[in-house]
Amino acid sequence: MSSLRKTIVYKNGLRCGENVAWAKNVAMQLESKPNYWVPRDVIESEDESVPRSGGEWIVRQLYDVVREHLSEEGGEGQVVGEWEGAEYWAQVYSGGRGLAFHLDKDEYAMKHRREMVNPIYSSVLYLSGSKTLQSPTIVTNEHYDEIEKCIVPKDFPTCSTMVFPKENRYCIFDGRCGHGVLDTNTKDEDDVRVVFLVNWWRKRPEEVHRCPGSKDDDMKSIVMVNGGEPRGRREGILELTVTPRYLLGNEPFMIGSFLQSQGILDAEDVWKEKSRPVVLMRHSGIVMIPLSSSLKNEDAPFVDGALVSREYQQSMIE
């Protein structure tokens, strides 16, 4: 099995602020819709009349950022340039809610043939989060090994990248990687987390089809706005190694407390835009877990997640 590709975070996924506001409206409308497909020829076409919908326009803009990664050589003699298109959808959450950890895959192939087929890349365009600290995406090195026919590492992930939402931030990562969203202890139902998600596929997932289309030409035209900050600028990623010395015996160490102890999150600055870190944590022998209702602490800083020993995790399973 080839090695996993690194998670990369770009400061700007779309061309300018006007497009971000427009894309957020598109995502809010898509939230109740199924996942849609957009073919490669539509994504790469220079004909501005080809895209059918706002979602397809967003994918086309994001392709300008992803293009270089889709032309890289893949593992096992494959060339990533052999791709058919992209799948897209939106998620809208409020009240600090997260999302269970999972693998992106062709759901039809898994359900009907028990076959694991992952995208080349998964990606998240954040369309909120600049005014409040919202639930972070966690990308782990846990993935399905086609040779072993199981999830590896076999015990728990040993490496996790935490990405906090910030408007127009765009995160792309290896489509084989397990990922999810940790809750935060924000309970404000008016604080809405909005993301537009795109999976870039070598082959179209079964039962994912192109959207029927839209006649809203005004929505199409606004996405053509140029200018703003360069989109190829990558965000810096802070790398930390977590060792057992951070744990107090067998007690959970809250992730927010850990980030505070490292000077990454500041309680006084946490609601300000500058406190939106991207953090790579190496934690071999330490397990990152979402907090169950019995472990949640309203006074814990920001994130409903904890670092625990493997022994502690095993005791929870047993």
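In what follows, the structure referred to is the one given above.
Please read these numbers as outputs of a predicted model, since none were measured by experiment.

With antiparallel pairing, 6 strands are arranged side by side in an open sheet as β1-β9-β5-β11-β3-β2. Only two strands of the sheet have a single partner each, and these edge strands are β1 (8-10) and β2 (36-39). When the angles between neighbouring strand axes are averaged without regard to direction, this sheet yields 20°. By the bridge criterion, 6 bridges tie strand β5 (residues 121-126) to strand β11 (residues 192-201) in an arrangement that is antiparallel.

Within the secondary structure layout, Asn141 lies in strand β6 (residues 137-145). For Asn141, a relative accessible area of 18% corresponds to the buried category. A distance of 2.8 Å separates polar atoms of two side chains, one belonging to Asn141 and the other to Thr158. When near neighbours in sequence (up to four residues on either side) are disregarded, Asn141 contacts Leu4, Val152, Pro153, Pro157, Thr158 and Cys159.

Let's shift gears to the layout of surface pockets. The space that makes up the second largest pocket amounts to roughly 360 Å³. The wall of the second largest pocket is formed by 15 residues, among which Lys6, Thr7, Cys159, Thr161 and Leu280 lie closest to the centre. Every element with two or more residues in the lining of the second largest pocket is listed here: β6, β8 (159-163) and β14 (278-282). By residue class, the composition of the lining of the second largest pocket is 6 nonpolar, 5 polar and 4 charged.

What follows concerns the side chain of Glu235. Here Glu235 shows up in the loop between α5 (217-222) and β12 (238-241). Here the side chain of Glu235 touches Arg169 through a polar contact of 3.0 Å, side chain to side chain. Sequence-distant contacts of Glu235, defined by excluding residues within four places in its chain, comprise Val9, Tyr10, Lys11, Lys166 and Arg169.

Our next topic: the packing of aromatic side chains. On inspection of all chains with the given rule, the structure shows 7 aromatic pairs. Both rings, one in Tyr63 and one in Trp83, keep their centres 5.5 Å apart while their planes meet at 45°; by these two values the pair is tilted. With a gap of 20 residues between them, Tyr63 in helix α3 (residues 54-70) and Trp83 in the loop between α3 and β3 (85-94) connect regions that are remote in the sequence. Classification of Tyr63 by relative accessible area gives buried; the value is 5%. The interplanar angle of 85° and the centroid separation of 6.1 Å between the aromatic rings of Phe253 and Phe258 together place this pair among those described as edge-to-face. Phe258 matches Phe253 in its accessibility class, with the two residues each being buried.

Criteria and cut-off values
Residues numbered from 1 in each chain as written. Predicted model: local features only at pLDDT ≥ 70, side-chain atom pairs only at ≥ 80, totals over all residues. Heavy atoms only, no water. Pairing = 2+ DSSP bridges. Helix = DSSP H or I, 4+ residues; strand = E, 2+ residues; numbered from the N terminus. Axes fitted to C-alpha atoms, helices over the stretch in contact; angles between N-to-C directions. Buried < 20%, exposed > 50% of the residue type's maximum accessible area, 1.4 Å probe, protein only. Polar contact = N/O pair within 3.5 Å; in protein donor to acceptor, adjacent residues only side chain to side chain. Contact = heavy atoms within 4.5 Å. 1 Å grid on protein atoms, 1.4 Å probe; cavity = no way out; pocket = protein on both sides within 12 Å on 5 of 7 lines; lining within 4 Å. Points joined across faces, edges and corners; volume = space filled by probe spheres on them. Nonpolar A, V, L, I, M, F, W, Y, C, P; charged D, E, K, R; others polar. Phe/Tyr/Trp six-rings, centres within 6.5 Å; stacked < 30°, edge-to-face > 60°.

Keep in mind that these numbers describe shape and distance, not what the molecule does.
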